[in-house]
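# An overview of the molecular structure
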Protein chains: 8
Amino acid sequence: MSDPVAEVRFDAARRERLGLPEAVLADVKSPGQLAEAVRQAFDSGGPVLVTRMSEQQYAALPDQYRSRLDYDLVSRTALASDCLPLAGAAVEVGVLTAGSADVPVAREAIRTLACHGYACVEINDVGVAGLWRVMEHRETLVRLPVLIVCAGMEGALFSVIAGLVPGVVIAVPTSTGYGVAAGGRAALHAALASCAPGVAVSNVDNGYGAACLAIRVLSGGGTGIRCGD
Amino acid sequence: MSDPVAEVRFDAARRERLGLPEAVLADVKSPGQLAEAVRQAFDSGGPVLVTRMSEQQYAALPDQYRSRLDYDLVSRTALASDCLPLAGAAVEVGVLTAGSADVPVAREAIRTLACHGYACVEINDVGVAGLWRVMEHRETLVRLPVLIVCAGMEGALFSVIAGLVPGVVIAVPTSTGYGVAAGGRAALHAALASCAPGVAVSNVDNGYGAACLAIRVLSGGGTGIRCGD
Amino acid sequence: MSDPVAEVRFDAARRERLGLPEAVLADVKSPGQLAEAVRQAFDSGGPVLVTRMSEQQYAALPDQYRSRLDYDLVSRTALASDCLPLAGAAVEVGVLTAGSADVPVAREAIRTLACHGYACVEINDVGVAGLWRVMEHRETLVRLPVLIVCAGMEGALFSVIAGLVPGVVIAVPTSTGYGVAAGGRAALHAALASCAPGVAVSNVDNGYGAACLAIRVLSGGGTGIRCGD
Amino acid sequence: MSDPVAEVRFDAARRERLGLPEAVLADVKSPGQLAEAVRQAFDSGGPVLVTRMSEQQYAALPDQYRSRLDYDLVSRTALASDCLPLAGAAVEVGVLTAGSADVPVAREAIRTLACHGYACVEINDVGVAGLWRVMEHRETLVRLPVLIVCAGMEGALFSVIAGLVPGVVIAVPTSTGYGVAAGGRAALHAALASCAPGVAVSNVDNGYGAACLAIRVLSGGGTGIRCGD
Amino acid sequence: MSDPVAEVRFDAARRERLGLPEAVLADVKSPGQLAEAVRQAFDSGGPVLVTRMSEQQYAALPDQYRSRLDYDLVSRTALASDCLPLAGAAVEVGVLTAGSADVPVAREAIRTLACHGYACVEINDVGVAGLWRVMEHRETLVRLPVLIVCAGMEGALFSVIAGLVPGVVIAVPTSTGYGVAAGGRAALHAALASCAPGVAVSNVDNGYGAACLAIRVLSGGGTGIRCGD
Amino acid sequence: MSDPVAEVRFDAARRERLGLPEAVLADVKSPGQLAEAVRQAFDSGGPVLVTRMSEQQYAALPDQYRSRLDYDLVSRTALASDCLPLAGAAVEVGVLTAGSADVPVAREAIRTLACHGYACVEINDVGVAGLWRVMEHRETLVRLPVLIVCAGMEGALFSVIAGLVPGVVIAVPTSTGYGVAAGGRAALHAALASCAPGVAVSNVDNGYGAACLAIRVLSGGGTGIRCGD
Amino acid sequence: MSDPVAEVRFDAARRERLGLPEAVLADVKSPGQLAEAVRQAFDSGGPVLVTRMSEQQYAALPDQYRSRLDYDLVSRTALASDCLPLAGAAVEVGVLTAGSADVPVAREAIRTLACHGYACVEINDVGVAGLWRVMEHRETLVRLPVLIVCAGMEGALFSVIAGLVPGVVIAVPTSTGYGVAAGGRAALHAALASCAPGVAVSNVDNGYGAACLAIRVLSGGGTGIRCGD
Amino acid sequence: MSDPVAEVRFDAARRERLGLPEAVLADVKSPGQLAEAVRQAFDSGGPVLVTRMSEQQYAALPDQYRSRLDYDLVSRTALASDCLPLAGAAVEVGVLTAGSADVPVAREAIRTLACHGYACVEINDVGVAGLWRVMEHRETLVRLPVLIVCAGMEGALFSVIAGLVPGVVIAVPTSTGYGVAAGGRAALHAALASCAPGVAVSNVDNGYGAACLAIRVLSGGGTGIRCGD
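Below you will find a few notes about this structure.

Reading guide: rules and limits
- Residues numbered from 1 in each chain as written.
- Chains lettered and ligands numbered in written order.
- Predicted model: local features only at pLDDT ≥ 70, side-chain atom pairs only at ≥ 80, totals over all residues.
- Heavy atoms only, no water.
- Helix = DSSP H or I, 4+ residues; strand = E, 2+ residues; numbered from the N terminus.
- Contact = heavy atoms within 4.5 Å.
- Areas by Shrake-Rupley, 256 points an atom, 1.4 Å probe, with all protein chains shown as cover.
- Salt bridge = Lys/Arg side-chain N within 4 Å of Asp/Glu carboxyl O.
- Buried < 20%, exposed > 50% of the residue type's maximum accessible area, 1.4 Å probe, protein only.
- Axes fitted to C-alpha atoms, helices over the stretch in contact; angles between N-to-C directions.
- Parallel < 35°, antiparallel > 145°, perpendicular 65-115°, else oblique.
- Left-handed = near helix turned anticlockwise from the far one by under 90°.
- Pairing = 2+ DSSP bridges.
- Least-squares fit on C-alpha atoms with pLDDT ≥ 70 in both.
- Nonpolar A, V, L, I, M, F, W, Y, C, P; charged D, E, K, R; others polar.
- Phe/Tyr/Trp six-rings, centres within 6.5 Å; stacked < 30°, edge-to-face > 60°.
- Right-handed = clockwise from strand over helix to strand, strands pointing away.
- Disulfide = S-S within 2.5 Å.
- Buried area = accessible area lost by both parts, 1.4 Å probe.
- Polar contact = N/O pair within 3.5 Å; in protein donor to acceptor, adjacent residues only side chain to side chain.

### Focus on the overall build of chain A
Across its full length, chain A carries 10 helices and nine strands. Across chain A, contacts joining residues at least 24 apart in sequence account for 69% of those joining residues at least 6 apart. Summed over all atoms, the accessible surface of chain A reaches about 7,100 Å², with 51% contributed by carbon and sulfur.

### Quick word on the pattern of salt bridges
All names here are of chain D. All chains considered together, the criterion is met by 40 salt bridges over all chains. Here Arg107 and Glu122 are joined by a salt bridge, their closest N and O atoms 3.6 Å apart. Taken together, the residues span a long stretch of sequence, with Arg107 in helix α5 (residues 103-115) and Glu122 in strand β6 (residues 119-123) at a distance of 15 residues. Given a relative accessible area of 2%, Arg107 falls into the buried group.

### Brief notes about the packing of α5(D) against helix α10 (residues 207-218) of chain D
Residue and element names in this part refer to chain D. Running from amino to carboxyl end, α5 crosses α10 at an angle of 40°, the nearest separation of the two axes being 7 Å. Between α5 and α10, the angle falls in the class oblique. Every pair of crossing elements has a handedness; the one defined by α5 and α10 is right-handed. Packed against α5, whose contacting residues are Val105, Glu108, Ala109, Thr112 and Leu113, the element α10 presents Gly207, Tyr208, Ala211, Ala214 and Ile215 at the interface.

### Focus: the sheet that holds strand β3 (residues 69-72) of chain G
Residue and element names in this part refer to chain G. Here we have four strands laid out as an open sheet, ordered β1-β2-β4-β3, and mixed in their pairing. Single-partner strands in this sheet number two, and they are β1 (24-25) and β3. Examined bridge by bridge, β3 and strand β4 (residues 77-80) share four bridges and lie antiparallel to one another. Within β4, the residue paired with Asp72 across the bridge is Thr77.

### Observations regarding the relation of the copies chain E and chain C
Of the transformation superimposing chain E on chain C, the axial component is 0.0 Å and the angular component is 90°, with the fit at an RMSD of 0.0 Å. When the rotation and shift are considered jointly, the pair of chain copies conforms to a four-fold rotation axis. Residue E:Gly183, judged by its C-alpha, is the member of chain E lying nearest the rotation axis, at 8.5 Å.

### Here we look at the packing of helix α9 (residues 185-192) of chain F against helix α9 (residues 185-192) of chain H
Orientation of α9(F) relative to α9(H), taken along the N-to-C sense of each, is 100°, at an axis distance of 14 Å. Taken together, the axis directions place α9(F) and α9(H) in an arrangement best described as roughly perpendicular. Contacts between α9(F) and α9(H) pair F:Arg185, F:Leu188, F:His189 and F:Leu192 from the former with H:Arg185, H:Leu188, H:His189 and H:Leu192 from the latter. Taken together, the residues of the contact of α9(F) with α9(H) sort by class into four nonpolar, two polar and two charged.

### Some details on the interface of chain E and chain C
How large an interface is tends to be reported as the accessible area lost when its parts come together. If you look at the interface, chain E gives 18 residues, while chain C gives 19 residues. Viewed at the interface, chain C and chain E are joined by zero salt bridges. At the level of secondary structure, the elements contributing two or more residues to the side of chain E that touches chain C comprise α1 (13-18) and α9 (185-192) of chain E. Of the residues that constitute the side of chain E that touches chain C, the class distribution is six nonpolar, three polar and nine charged.

### Points about unusual backbone geometry
Among all residues except glycine, the phi angle is most often negative; among peptide bonds, the trans geometry is most common. Despite not being glycine, D:Asp125 shows a phi value in the positive range, around 65°. Relative to the elements of secondary structure, D:Asp125 occurs in the loop between β6 and α6 (131-135). Under the relative-accessibility criterion, D:Asp125 is labelled buried at 12%. Of note, the phi angle at G:Arg52 is positive, near 50°, even though the residue is not glycine. Relative to the helices and strands, G:Arg52 is located in the loop between β2 (49-51) and α3 (55-59).

### Concerning the relation of the copies chain E and chain D
Here chain E sits on chain D after a turn of 180° about the axis and a move of 0.0 Å along it, with an RMSD of 0.0 Å. Classification of the inter-copy transformation places it as that of a two-fold axis. Mapped onto chain D, 100% of the interface residues of chain E are again interface residues, and the two copies thus contact each other with one and the same surface.

### Points about the side chain of C:Ser159
For C:Ser159, the location among the structural elements is in helix α8 (residues 156-164). You can call C:Ser159 buried: its relative accessible area is 0%. When near neighbours in sequence (up to four residues on either side) are disregarded, C:Ser159 contacts C:Ser194, C:Cys195, C:Ala196, D:Val128, D:Glu154 and D:Ala156.

### A few points about the packing of aromatic side chains
All names here are of chain A. Scanning the entire structure with this criterion turns up 16 aromatic pairs over all chains. Aromatic side chains Phe42 and Tyr65 sit 5.8 Å apart centroid to centroid with 15° between the ring planes, which places their arrangement in the stacked category. Highlighted residues: Phe42 in helix α2 (residues 31-43) and Tyr65 in helix α4 (residues 63-66), separated in sequence by 23 residues. The pair Phe42 / Tyr65 is uniform in exposure class, with both members buried.

### Examining the pairing of strand β6 (residues 119-123) of chain H
All names here are of chain H. Bridge count between strand β5 (residues 91-97) and β6: five bridges; the pairing is parallel. Across the sheet, the residue bridging to Leu96 is Ile123, located in β6. A crossover links β5 with its parallel partner β6, the connecting element being helix α5 (residues 103-115), and its sense is right-handed.

### Observations concerning the state of the cysteines
Within this structure, the stated rule accounts for zero disulfides over all chains. Of the cysteine sulfurs around D:Cys150, a residue in no disulfide, the closest is that of D:Cys120, at 10 Å.

### Structural notes on the interface of chain E and chain D
Each partner contributes residues to the interface: chain E has 36 residues there, and chain D has 36 residues. Both faces considered, chain E and chain D share a buried interface measuring about 2,700 Å² in area, 56% of it formed by carbon and sulfur atoms. Inspection of the chain E/chain D interface yields zero salt bridges. Put simply, chain E and chain D have nine residue pairs in polar contact (both at pLDDT 80 or more) between them. Every element with two or more residues in the side of chain E that touches chain D is listed here: α1, α8 (156-164), β8 (168-173), α9, β9 (200-201) and α10 (207-218) of chain E. At six residues, α10(E) tops the list of elements feeding residues into the side of chain E that touches chain D. When grouped by side-chain class, the residues that make up the side of chain E that touches chain D number 21 nonpolar, 10 polar and five charged.

### A word on the sheet that holds strand β2 (residues 49-51) of chain C
An order of β1-β2-β4-β3 (chain C) is seen for the four strands of this open sheet, with the pairing classed as mixed. Strand pairing shows two members of the sheet lacking a second neighbour, β1 (24-25) and β3 (69-72) of chain C, which therefore form its edges.

### Focus: helix α9 (residues 185-192) of chain D
For an α-helix, 3.6 residues make a turn, and residues three or four places apart therefore share a direction. With seven of eight residues buried, α9(D) is to be regarded as a mostly interior element. Those residues of α9(D) that fall on the buried side of the exposure criterion are D:Ala186, D:Ala187, D:Leu188, D:His189, D:Ala190, D:Ala191 and D:Leu192.

Set out below in structure tokens:
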């Protein structure tokens, strides 16, 4: 039977095809598999991003890789230290949260975008129960070509934003909440059933996917990789 | 075996106990059963309300009852002609719809309230995709002790209203929509999972129940019947 | 990227708008975020309520806040010690449970009401399997303008109560039970589908929301804050 | 390929084994198949019962069978005219309905029992929204060894009855209702999650199955067939 | 606010009404509440049964009660030592399992029956994947008035048994299994949709309820308590 | 915009690749599209099979195609008249039904197999409620390499058969039934959760797919087309 | 009570805010309401689009509007005749279908885009069961900035396309299919759970919404209306 | 009451009947029951396979059995050391995974097959997001009579493979993923709703069942046991 570590195949070709570097998804990997995947990611020469990695998994990485990774506990992501966006990068993406429980998902999106050279404006705690909170950011929001909106519970923020701005609104339902909101289904269905036309919906808690979609939009479906330029 | 018509028992005692006259629910009754229930309702001496009645059912009623009923095709309700609210009644309930598909449910609530002597203000087509539509009614909304909000699709209007006003917000999800919104489950879950605290939720399409809840609130849990006073 | 603690924004404006002070929801916050939110709540000058807080979270609060909070293990809530209702307050809300597993949710409602100056009568263990248990409280129940009913399993108590009394009945399904009752969906659907007209339904386990709805009802949609008067 | 009519095999052996004659289920059969099944049922010499048969199907039966069958439009059942219970049979089963929409299912149970020689007492429209309606039958109910309770919507009647009486309570959820009650799932889950111990639950709308269970109980698991004795 | 221990009310009246002594459901109780409930149960003078009690909960009981209880780890039940059936009691109930994972639920039923003086025959591991296993017990099965069948996964055993015997078949779906079988829904639906007529269905894992139903059947809806006779 | 008829592309290449000729799925096609698809199917030179075709659709086909097709009302399929299996073909597939409502799905499988030159033995009405019915065919069943089992309701037949025979058992759940069985989900889950190892499961009502799987098995993954040989 | 026709409010402001003209959703409107909405749409001076309109509804429109509308039976849409894209418009959107049953949804997207001046390339019947069908269009696909992919059944086409091209892939699940595919949930979940990163998901059958999202992308979140330029 | 260990009955007869030796399912067994089942399995003289066994369970086995078992941590299976396939066995089964999270399920299938003497080719990490990865194995795949495909998330790999090869494709959905993919339902539905005809579907995570189905196919429904030959 095959060697578990040998099964790991980092897909560096994806970056060339899609302009979207492969992220290493940590939570389904054994320590050996994770180390091997990170090794291949560094060897590929592209941006290195690890998602859904616990503190324990990060601590167990071989020193030579751990020292080159910036780990963020909130989003449970790590990215290569040389991969952060340049200070002067134009901000093209807004990332919003309805409440503080949505911040980890938002942060996963922000760091995925950072890993590709995109800077974000982060607007937190603007759930619709206090509508004025989001309205005071309206000027900013209408000027951004892409907005990533992270919300759990009833997900009303998706429709409010998509009704206010002409840009691309990417809805990321989060698994925040209890009762009918548990697991994020209520927010997911709210995003899909939105009365505001043209909302782009991601899977629950999929900050990484939302960032990839933002990159597809901003790069015009072209090559568009600006990390390390 | 029992006579199908004899099974009909109009529950006039409910009015005395709860201050909520029994409505005759038409759609599960045969023509004979419906005529008998309407007869008992008129005999009980209280307000007469028939809900979920098709045009065919109305047309098949005996002349003596049909002539005394005001039938509304939009809400598929009939109520006794002498039971409409007096012209000068103070308006204590606002009834809102997100879109025109929610009007039949809203109208069922309005006519149930009318049957008990309550006048309503009706505000239509204020879904959150165009937030200014609801905001221009804000002055009115904050002054009403009870708001019945009817919305299908993603039901974001429930949270927006409940975050704006201090009154009792009764959410009535409607079965408007397709895909994940079909049957009203997305809107129902949005109402239950609302980030605005203290939303009162009804079953899908239950305009009658929402009106009964409004009456419970407005009558202070007392006798409160003002129809025909 | 933003500082996690800086993301915490206690929404003191809600009290002014809705007459419903913001509760601090503990279970989604890190120790640092929770301490910051509690600090802002005390600074806002209004009543302080923390919900869904574990014993560990309470123990980890800075001394200066912990010493001013009354923590209740059953409901996992804390409220500022100076915020309990005056001894002579009129009782306007009844809080019922079907069984002892529903007590934590009922207690969350009671303490939220206490935090706003409302006293409650608490009636426990009156599930319909022994109907006489609830019937012996009937005299009390018909006189209360608001009843909060907490029940899991099949939730039959909601309909029995709403058929007995003219007041506002707020159904809080609880996640008590196993098999089809697990997670509270059976009780939730029973509340929504009740044959008794005008039941107000909350999300599963949402004692806080039920109390907020009770306050909306009792304050007549007005300012209504009596805590600290 | 086989002849569609030849596929029909009336299972007369079931009566010998289980004491439960096979019913002919009409709604999935073509006119030819139905006629053949009815022919075999008469030939078997036992009681003849046809369920879920539309008026059109009944009208299309060959004269020789139609003339020997008593058709009931409410329950959509037919049974052989010589198969009704003797006038003096002791009543051992109570059949209850919460509302008039549950009558068709109750009637299917009553007629299945009639076909086996059991007489029933039928108590209609005793839903828990008006608790006194069922309480006035309490004396009767506690003396019956088997109660078949038919209820849709929230199905609270199952628990109320099973908490009042020591007999076998067979819950038959009905597909009455709309929103979360549509299709009978809310009532089904209420029956399964009942806080009253020992409720026997049937599939939604399965009046025939409930009657078969009653016969199993009353015949003591023995031969027990009394039809035509 | 009320004292948590004072909330415990052991319902001794249930035994008189229904012939079904109240069991103490342990898993939702704190140590103090559990001790109080057990105390009241012993004081009531009837049979004492505790269900869903962990080893830890049993160990934490006060000595005076623990010493009088027979604890069974498999079913997580305890019953008073003087409450076991007499050696010569006639066996009237068969309890079957499809596989060894169903044994805990079966044992809960057996011990509940024992607590009321009923002896059982226990037949394990007769799932339909090896049909001859159940067929070799056929002689025994057809002579028993009540069979409790515990099965998870696809629950095919319910239909096979109910098609073989004339007695009352009580189906107890168990939460055994993974994928679509997880939580017991597949087995529950199989029991409800059985092609064999007259299956009595219980909630998932509800061995206690199945035993209560068996007692209702065997006592003829009468008083029927034989424990301690 | 494209011409609706021009969109029809009969995929003749599938036969070469998979040994499975494309069926024309009628129910989603307009009359013009269906005629075009049938024309292309005849032109391709392979076997012609049309599935899910109503009588009206068949009647509306151009004469030149209708006259060359054998239409079966039970399965709503048509196949080219020159495509039926030779009289002497060895029978390698058994097709079983639990009840007569399952026959249309079974017949779709039989006719798909016929179209490829495979003859079947058809065994109807052998549901497990009468176990002896299936047991009397046991000798036949153990000798067949492939069995297609069609069952609705609780689907217990899948497990019983797969526990009796060493051949490949293909479970086809059918949408027969009401309540929890409606739509075939109960039977589908029973097939997937079967305690008998190695059941191959198809989508609900997918007789065509089951036949394609049988062909994949019998042809050894090779070319295996024997129709018209 | 309000006049049903007066409730219709065509939201012309949406075009200014979002660059997305309001479509008139026909299927929830009465003939009077629909005529009024169409009148307002023409009066607003912008592009006129009516969706989900039956042939009967179109035929019932007043002559003056019907004569100015181009009605398409496949997509059930109508658009103002002067609103079609200019012949020389650059093609920026590809619209793909997996099978012919997905064409109506694709056509709704195409006509919505046409109404805004965007031309599409339409690629039909490229489901993954025949992978070469989609591969032969690969050159075209990689050059388009936006692809709208319409697929029902298992929705595998979404992942295959999103793994091949760098552009924005908008997945539109369709309600094609039976069994677990009925209603489009299987395809919807496939889109959301796609292993290809950055898929934008729409509600089931929402061709209109997908087109709106495409316009948001192509207009760069700007004004971007080119219809009638 | 019965002795828990005595309840264990290893079903050696299954091997004779079906050609499929019974596996010992460990995760539902106590240490005593597991040791007893393993003892019986060795005594039966056939191949010994234990599935879903934790490291702790393996460590707790009596030495005499543990020493004869080869334990694999990835698949959590153990098999008798003398039971591995001969080196020169022809490879007839391909086992594919979409991603590394699917490997444990694939390995359970491979080891079950090994236990019966079948060798496999294992092809990992060929999810459709990078289509070329699977295409480079096409030559191998078309020559294998049976392919076991393990995939979670959206399960698109099932359809792609079944559209490429004529062999039997056994789809094993895995519980990999989050949001709508959690628990494997999205992948399961994709397998059942596949547009490629004739996919054989197993329960989620059921590698053992998939291997049993492969053995049924390869042994031609005959005796076919080659382990230890």
